[in-house]
Amino acid sequence: MSSIPWQDRPENSKDVMWRYSENPIIDRYAIPSSNSIFNSAVVPFGDGYAGVFRCDNKAVQMNIFAGFSKNGIDWNINHEPIVMQSGNTDMIESAYKYDPRVVFIEDRYWITWCNGYNGPTIGIGYTFDFKEFFQCENAFLPFNRNGVLFPQKINGKYAMLSRPSDNGHTPFGDIWISYSPDMKYWGEHRLVMKPSPFEQSAWQCTKVGAGPIPILTNEGWLMIYHGVINTCNGFRYAMGSALLDVDSPDKVKYRTQPYLLGPAEIYEMVGDVPNVVFPCAALHDTEEDKLAVYYGAADTAVAIAFGKLSEVIQFTKDNSL
């Protein structure tokens, strides 16, 4: 695998995370049909990287597309959406697909996304090569969003974070965890984290949702998440972090009171949905102490931010609710 994407902290910056100077790395018109490309997932693959990208076309139909990169910055995205074959089910109906996450577990790459089946729920699929894709049973009943798998089994079971919701853009949302013995049947649902009280941390007082695949560290599972405040100008999305117990991830050990990254640059504040930083993927290198987080900017383009893994962990502990 190539070294993960990286750019050193700007000389005058004291922020725990900083933006890539050439953001956004994927423009809204990166493929001919697209109106916007955002909220997308990236993983190491071969001698570079592969990804699953949310591309809304000019009819604003939502779908997911595969893409490849040598360096994690410059991407070639397929011009046609992913076509699913039957995996552990013959029911692969889908009115839309958006906001994917991708993780390698055991022998294959698992993909989760918000799947349109009588409302939004969590779709699951897998691939071995990012050329053929197999769709499985939906994980949950509608309505649900932000399905994020852990990268390994916990106590012998697959584990997934999600955010139960309703059919619209909800003014509420908690992070839950669920378990499965086989990636088909899900249960043992446990509450992980609720929005914070307004007076304690207003940026995450309306709803919260899991972002990239959690990262196993010596301090626990590092979970990058988004938080939302409902302002007079609509929802505002920012990025935070939490540390979850390794063996019981429904237990939150630490959780950031201030955000790690909030909408401040023009590409985050202006777009199809203004004022959005929405993390969906993270690459990390523990030996080099590097973290690269991919995020959707204003529901329009893909951007990337960097941080020192150890500093993000310490920041989470030192600035916890």
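Going by the annotation in an unreviewed UniProt entry, the name recorded for the protein chain is Glycosidase, with Flavobacterium johnsoniae given as the source organism.

*Asks:* So what's going on with the packing of aromatic side chains? Residues and values would help.
*Replies:* What the rule picks out here adds up to 21 aromatic pairs. Aromatic pair Tyr20 and Phe306: ring centres 6.1 Å apart, planes at 85°, arrangement edge-to-face. Of this pair, Tyr20 sits in the loop between strand S1 (17-19) and strand S2 (34-45) while Phe306 is found in strand S22 (residues 301-307), placing the two residues 286 residues apart along the sequence. Accessibility expressed as a relative area gives 18% for Tyr20, which makes it buried. What makes Phe306 buried here is its relative accessible area of 0%. Centre to centre, the rings of Phe45 and Phe68 are 6.2 Å apart; their planes meet at 45°, and the pair counts as tilted. On the criterion of sequence distance, the pair formed by Phe45 in strand S2 and Phe68 in strand S4 (residues 62-69) is long-range, its members being 23 residues apart. The class for Phe68 is partly exposed, based on a relative accessible area of 27%. Cluster of aromatic residues (ring-pair linked, three or more members): Phe45, Phe68, Phe104, Tyr109, Phe130 and Phe133. Above the plane of the ring of Tyr126 lies Arg108, whose end atom (NZ or CZ) is 4.6 Å from the centre.

*Asks:* Residue-level account of the nonpolar core, with values.
*Replies:* The biggest cluster of nonpolar side chains holds 35 residues, and the ones touching the most others in it are Trp110, Leu161, Trp186 and Met223. Of the residues forming this core, the biggest block, 4 residues, is contributed by strand S12 (residues 158-164). Aside from chain neighbours lying at most four places away, what touches Trp186 is Ile124, Ala139, Phe140, Leu149, Tyr158, Ala159, Met160, Ser178, Tyr179 and Ser180.

*Asks:* Now, about a nonpolar patch on the surface: what can you tell me, with residues and values included?
*Replies:* Where nonpolar side chains cluster on the molecular surface, the patch consists of Ile266, Met269 and Val270 and spans about 280 Å² of accessible area. Relative to the helices and strands, Ile266 is located in helix H1 (residues 266-269).

*Asks:* Can you lay out the pattern of salt bridges for me, pointing to particular residues and giving the numbers?
*Replies:* Counting across every chain of the model gives 12 salt bridges. Here Asp47 ties to Lys70 by a salt bridge, and the two come within 2.9 Å at their closest N and O atoms. Here Lys70 lies in the loop between S4 and strand S5 (76-77) and Asp47 lies in the loop between S2 and strand S3 (48-57), a separation of 23 residues in the sequence. Taken as a pair, Asp47 and Lys70 share a single burial class, namely exposed. For Lys317, the salt bridge identified is with Glu219, shortest N-O distance 3.2 Å. On the criterion of sequence distance, the pair formed by Lys317 in helix H2 (residues 309-318) and Glu219 in the loop between strand S16 (215-217) and strand S17 (220-231) is long-range, its members being 98 residues apart. Looking at Lys317, the relative accessible area reads 24%, which means it is partly exposed. Residue classification places Glu219 among the partly exposed positions, given a relative accessible area of 27%. Through salt bridges that share partners, Arg54, Asp56 and Asp99 make up one connected network.

*Asks:* Could you give me a rundown of the pairing of strand S11 (residues 144-149), with the residues and numbers involved?
*Replies:* The buried count for S11 comes to 6 of 6 residues, which makes it a mostly enclosed element. Pairing analysis gives 4 bridges linking S11 to S12, with the strands arranged antiparallel. Across the sheet, the residue bridging to Asn144 is Pro164, located in S12.

Reading guide: rules and limits
Residues numbered from 1 in each chain as written. Predicted model: local features only at pLDDT ≥ 70, side-chain atom pairs only at ≥ 80, totals over all residues. Heavy atoms only, no water. Phe/Tyr/Trp six-rings, centres within 6.5 Å; stacked < 30°, edge-to-face > 60°. Helix = DSSP H or I, 4+ residues; strand = E, 2+ residues; numbered from the N terminus. Buried < 20%, exposed > 50% of the residue type's maximum accessible area, 1.4 Å probe, protein only. Lys NZ or Arg CZ within 6 Å of the ring centre and 35° of its normal. Core = buried A, V, L, I, M, F, W, Y, C linked by side-chain atoms within 4.5 Å. Contact = heavy atoms within 4.5 Å. Patch = residues over 30% accessible without salt bridge, like charges linked within 9 Å, V, L, I, M, F, W, Y side chains within 5 Å. Areas by Shrake-Rupley, 256 points an atom, 1.4 Å probe, with all protein chains shown as cover. Salt bridge = Lys/Arg side-chain N within 4 Å of Asp/Glu carboxyl O. Pairing = 2+ DSSP bridges.

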